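# Observations on the three-dimensional arrangement
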Amino acid sequence: MATPGVYPDIPFDEYLKLDALNASTLKRFDESPRHALHYVSEPDPPPGPHLVFGSFLHSMVLEPDTVDDLYGVKPTVNRSTKEGVADYHQWLTDEVGGDWSTIDRDELLTFNIRELREDIAELEPLLDKTYLTAEEFDQARLMAAQVNETTLFEFRKDRQTELTVVAPIAGTMCKIRIDLYSPLGVLIDLKSTSQSARVESFSNEIVRYRYDVQAGLYAAVARAAGLDVAAFAFVPVSKTPPYLASFLAIDDLDILEDYATQLVIEFSRWLDYNEWPGYYDGGQSVSVPGWRKQQMEERIP
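Remember, it's a predicted structure, so these values are computed and weren't measured experimentally.

Cut-offs used in this document
- Residues numbered from 1 in each chain as written.
- Predicted model: local features only at pLDDT ≥ 70, side-chain atom pairs only at ≥ 80, totals over all residues.
- Heavy atoms only, no water.
- Axes fitted to C-alpha atoms, helices over the stretch in contact; angles between N-to-C directions.
- Helix = DSSP H or I, 4+ residues; strand = E, 2+ residues; numbered from the N terminus.
- Parallel < 35°, antiparallel > 145°, perpendicular 65-115°, else oblique.
- Left-handed = near helix turned anticlockwise from the far one by under 90°.
- Contact = heavy atoms within 4.5 Å.
- Nonpolar A, V, L, I, M, F, W, Y, C, P; charged D, E, K, R; others polar.
- Phe/Tyr/Trp six-rings, centres within 6.5 Å; stacked < 30°, edge-to-face > 60°.
- Buried < 20%, exposed > 50% of the residue type's maximum accessible area, 1.4 Å probe, protein only.
- Lys NZ or Arg CZ within 6 Å of the ring centre and 35° of its normal.
- 1 Å grid on protein atoms, 1.4 Å probe; cavity = no way out; pocket = protein on both sides within 12 Å on 5 of 7 lines; lining within 4 Å.
- Points joined across faces, edges and corners; volume = space filled by probe spheres on them.
- Salt bridge = Lys/Arg side-chain N within 4 Å of Asp/Glu carboxyl O.
- pLDDT = per-residue confidence, 0-100.
- Polar contact = N/O pair within 3.5 Å; in protein donor to acceptor, adjacent residues only side chain to side chain.
- Pairing = 2+ DSSP bridges.
- Patch = residues over 30% accessible without salt bridge, like charges linked within 9 Å, V, L, I, M, F, W, Y side chains within 5 Å.
- Areas by Shrake-Rupley, 256 points an atom, 1.4 Å probe, with all protein chains shown as cover.
- Lys, Arg positive; Asp, Glu negative; His and termini not counted.
- Charge placed at Lys NZ, Arg CZ, Asp CG, Glu CD.

Our focus in this paragraph is the packing of helix α2 (residues 23–31) against helix α11 (residues 211–224). The geometry of α2 relative to α11 is characterised by a closest axis approach of 9 Å and an angle of 130 degrees between their N-to-C directions. Here α11 runs oblique to α2, going by the angle between their axes. For the pair α2 and α11, the sense of crossing is right-handed. Within the contact between the two elements, α2 uses Ala23, Leu26, Lys27 and Asp30 and α11 uses Tyr211, Val213, Gln214, Leu217 and Tyr218. Its residues assigned to classes, the contact of α2 with α11 shows six nonpolar, one polar and two charged.

Shown next, in the form of structure tokens:
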């Protein structure tokens, strides 16, 4: 079981190993206990492109000094052709170095494409950075610039980034990782979105992705660990030009905190029972949305 405390320097991979309930599990529990069980039982898949880009954007905004050490630019080549595979292979050998770097492109073109791909499968695990395309680098820079124009900039003085906090909530050990914590007691979470970053649009995403559960758990755990909690804010930034961002402080944080605490209590209860029900299966009625019902009524003679 993880030890309660505030940890400013834990790498993300170490945070993942901490034995404590996190927001990702609790959000799925809010859907159903069985969703939570499936999430914790299945092995984590490799991060998809959107997660890789999201992590990169976090680094660009919150820890820009780490970007060069953690990320690099990969070439855009057509890996369905032998020439493209050879170009990619040569780039890999240059990045990895050692004995691999002695093979030049002309020599690579004498290999068959299957041999090149077998080499690539050996080389890629040797890379010590996460690589994105030049277009993704440029996009993240533009998005980061827009984020820095929001109110977030005002909270950067003496702030802590990627802050890990562990504390018991109603007897269950929980963990959070705060993107940015201000000494003023403001917890800030950066979100990239394929939709608009306007408040009207992002409020729908808060419900769809259960960001409200995340905000409530973060506030509860931070407070239980002894941190000042005055507010929780999301900073959504759009992934489409002109990449605008907003600073959105959550209303009714006390209600969200109480709700997250109740979810933790229920999660612990089902954990003790070792029973993980799905949706209510006793039969339910469902209503047509009011606006659709009105459309129908207006058309009926």
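After that view of the structure, there is still more to cover.
Moving on to the environment of Ile188. Assignment of secondary structure puts Ile188 in strand β6 (residues 186–193). Put simply, Ile188 and Ile178 are 10 residues apart on the chain and 6.9 Å apart in space, counted from C-alpha to C-alpha. When residues no more than four places from it in sequence are discounted, the contact partners of Ile188 are Leu152, Phe155, Ile178, Asp179, Leu180, Ala233, Val235 and Phe247.

In total, this model carries 14 aromatic pairs according to the counting rule given. Geometrically, the ring pair formed by Phe232 and Phe234 is edge-to-face, given 4.9 Å between the ring centres and 70 degrees between the ring planes. Exposure remark for Phe234: the relative accessible area of 0% places this residue in the buried category. Among the aromatic residues, ring-to-ring pairing joins Phe202, Tyr209, Tyr211, Tyr218, Phe232 and Phe234 into one connected group. Lying across the ring of Tyr39, Arg28 places its NZ or CZ 3.9 Å from the centre. When the ring centre of Tyr211 is taken as reference, the NZ or CZ atom of Lys191 above it lies at 4.2 Å.

Of the pockets and cavities examined, the second largest pocket occupies roughly 230 Å³. If you trace the second largest pocket, you find it lined by Lys74, Arg79, Tyr88, Trp91, Glu124, Leu127, Lys129, Thr130 and Tyr131. Only α6 (82–96) and β3 (130–132) provide two or more residues apiece to the lining of the second largest pocket. Looking at the lining of the second largest pocket residue by residue, the classes come out as four nonpolar, one polar and four charged.

So, on to the pattern of salt bridges. Counting across every chain of the model gives 10 salt bridges. In this structure, Arg141 and Asp138 form a salt bridge, with 3.5 Å as the shortest nitrogen-oxygen distance. Here Arg141 pairs with Asp138, and both are found in helix α9 (residues 134–147), just three residues apart, close to one helical turn. Each of Asp30, Glu31 and Arg210 takes part in a single network of salt bridges with overlapping partners.

The geometry of helix α4 (residues 49–62) relative to α9 is characterised by a closest axis approach of 9 Å and an angle of 50 degrees between their N-to-C directions. In terms of axis orientation, α4 runs oblique to α9. In the crossing of α4 with α9, the sense of the turn from one axis to the other is right-handed. Facing α4, whose interface residues are Phe53, Phe56, Leu57, Met60 and Val61, α9 presents Glu136, Phe137, Gln139, Ala140, Arg141, Met143, Ala144 and Val147. For the contact of α4 with α9, the residue count by class is 10 nonpolar, one polar and two charged.

In this model, the chain carries an average pLDDT of 91, and 98% of its residues clear a pLDDT of 70 or more. α11 holds the highest mean pLDDT among the elements of the chain, 98, whereas helix α7 (residues 105–108) holds the lowest, 74.

Looking now at the side chain of Thr150. Position of Thr150 among the secondary structure elements: in the loop between α9 and β4 (160–169). A distance of 2.7 Å separates a polar atom in the side chain of Thr150 from the backbone oxygen of Val147. Those residues in contact with Thr150 that lie beyond four places of it in its chain are Val235, Ala245, Ser246 and Phe247.

So, about the pairing of β6. Counting buried positions along β6 gives seven out of eight residues, so the element sits mostly inside the fold. For strand β5 (residues 172–181) and β6, the ladder comprises two bridges, and the chain directions are antiparallel. Within β6, the residue paired with Tyr181 across the bridge is Leu187.

Let us look at a negative patch on the surface. Taken together, the side chains of Asp251, Asp252, Asp254 and Asp258 present a region of like negative charge at the surface. Along the chain, the position of Asp254 falls in helix α12 (residues 253–273).

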